Amino acid sequence: GTGSATSISGLGFSPSLAWIKGRTNTASHQWFDTLRGATYQISSDSTGAQTQNTQMLTSFDTDGFSLGNQSSVNGSGVNYVAWNWKASPVSTINTDGTIQSIVSANQAAGFSIISYTGNNVAGSTIGHGLSAAPEMVIIKQLDITENWVVGSDFLNGGTSPWDYVLNLNNINAESNQSWPWNDTAPSSSVITIGNGGGINTNGGTFITYAFHSIAGFSKIGSYAGNGTSQTVNLGFEPAWVMLRKRDDNQDWFIFDSARDTSNPKTLYLEANTSDAEASITSNINFTSTGLEFTSANFNDSGKNFIYMAYKANITQ
């Protein structure tokens, strides 16, 4: 960070979602996207409503983004990391669901950003704009204080997974709840939602991030810990991994090869806390085909884990 207005370039694309975290300070995670507008932020470690700050992210640029002087994203002498996803530069009105949505989708990358206004009707649907059903969906209500709601094909061991929910902003284990997804998995065109706070309050405003795996680029999945050693085949060498136990309380740990260029990966951040970057005695190696666990750490016997992994710098 410089403490004064600056531009960050070299991404190789114009980002649609920028997720920024201070590595050497305790500021919250800052999420920005093109549907809500560059100056509007939400924090994955907070239940807080969306706020506008004109000194955080000030614009999405052709090869990166520009920043103001706010210390959460650009404090003088503070080190930061930014993780970025590309959707579509042009958003569209989507009428596939019973609730009209605004969608920015990148079908080649299996990623879309969706905004909608709630109607409090259980079983409502929102179009997601992807070519396949999302395997992970993250929703945040923007206008009030509410948890971040996470659904995935890989909760509950893959058995009726959309009867279950996690929260991105806390450590709570998965729980069986019908209100988020109305016990209905997403289809190739829509996401089904329940009713109530955090997912579909009448007149509430919501942002949704939807993901599915792309062979050779991204993988969303799960594995069972064995307490000793094992490999998880992704089909590529990851550059970024977020993982946690799904059936026990645990933080959402993030490892990447930009902050940590050697194996094992020891530098981590947690999506659900404002904590600065820390080091752990880790057993995680990024290999040419996926993940390697060499001990019980993040591989606890009898526990089950969910993960999202990405390879960087491809044509999507």
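Residues numbered from 1 in each chain as written. Predicted model: local features only at pLDDT ≥ 70, side-chain atom pairs only at ≥ 80, totals over all residues. Heavy atoms only, no water.

### Thoughts on the environment of Asn249
With respect to the helices and strands, Asn249 occurs in the loop between β21 (240-245) and β22 (253-256). Remark: the alpha-carbon pair of Asn249 and Asn172, spanning 77 residues in sequence, is separated by 4.9 Å. A polar side-chain atom of Asn249 sits 3.1 Å from the main-chain amide nitrogen of Ala173. (Helix = DSSP H or I, 4+ residues; strand = E, 2+ residues; numbered from the N terminus. Polar contact = N/O pair within 3.5 Å; in protein donor to acceptor, adjacent residues only side chain to side chain.)

### Considering the environment of Asp183
With respect to the element layout, Asp183 can be found in the loop between β16 (175-176) and β17 (190-193). Owing to a relative accessible area of 40%, Asp183 belongs among the partly exposed residues under this scheme. With ten residues separating them along the chain, Asp183 and Ile193 place their C-alpha atoms 8.6 Å apart. Beyond its immediate sequence surroundings of up to four residues, Asp183 is in contact with Trp162, Asp163, Gln177 and Ser178. (Buried < 20%, exposed > 50% of the residue type's maximum accessible area, 1.4 Å probe, protein only. Contact = heavy atoms within 4.5 Å.)

### Some words on the nonpolar core
If you look at the biggest cluster of nonpolar residues, it comprises 35 residues, and the most contacted ones within it are Trp19, Trp85, Leu168, Tyr209, Phe211 and Trp240. Residue assignment for this core shows that the elements contributing at least two residues are β2 (17-22), β8 (80-85), β11 (111-117), β13 (136-141), β15 (164-167), β18 (205-211), β21 and β27 (304-310). Apart from residues no more than four positions distant in its own chain, Tyr209 is found in contact with Leu17, Trp31, Asp33, Arg36, Ile42, Phe111, Ser112, Ile113, Met136, Val137, Ile138 and Trp148. (Core = buried A, V, L, I, M, F, W, Y, C linked by side-chain atoms within 4.5 Å.)

### A few points about the side chain of Gln70
Turning to its location among the elements, Gln70 is positioned in the loop between β7 (64-67) and α1 (71-74). Polar contacts involving the side chain of Gln70 include one to the main-chain amide nitrogen of Ser72, which spans 2.6 Å. Not counting residues within four places of it along the chain, the set of residues in contact with Gln70 comprises Asn53, Gln55, Met56 and Gly75.

### Remarks on the sheet that holds β22
Overall, antiparallel pairing links the six strands, which are arranged β19-β27-β21-β22-β23-β24 in an open sheet. Pairing within the sheet leaves two strands with one partner each, and these edge strands are β19 (218-224) and β24 (278-279). Bridging between β21 and β27 involves six bridges; their strand directions are antiparallel. Among the inter-strand pairings, Met242 is bridged to a residue of β27, identified as Met308. (Pairing = 2+ DSSP bridges.)

### What about the pattern of salt bridges?
Under the defined criterion, the tally for this structure stands at seven salt bridges. When the shortest N-O distance is used, the salt bridge between Glu277 and Arg23 registers 2.9 Å. Within this pair, whereas Glu277 is found in the loop between β23 (267-270) and β24, its partner Arg23 is found in the loop between β2 and β3 (30-33), the two being separated by 254 residues in sequence. In this structure, the salt-bridge partner of Glu277 is Arg259, at a minimum N-O distance of 2.8 Å. Residue Glu277 is found in the loop between β23 and β24, and its partner Arg259 is found in the loop between β22 and β23; the two are separated by 18 residues along the sequence. Salt bridges here are not isolated pairs; linked through shared partners, they connect Arg23, Asp256, Arg259 and Glu277. (Salt bridge = Lys/Arg side-chain N within 4 Å of Asp/Glu carboxyl O.)

### A closer look at unusual backbone geometry
Looking along the chain, the bond that leaves Asn263 and enters Pro264 is cis, with omega of -10°. Mapping Pro264 onto the fold places it in the loop between β22 and β23. Of note, the phi angle at Ser160 is positive, near 45°, even though the residue is not glycine. Here Ser160 lies in the loop between β14 (149-152) and β15. Taking the relative accessible area as the measure of exposure, Ser160 reaches 43% and is therefore partly exposed.

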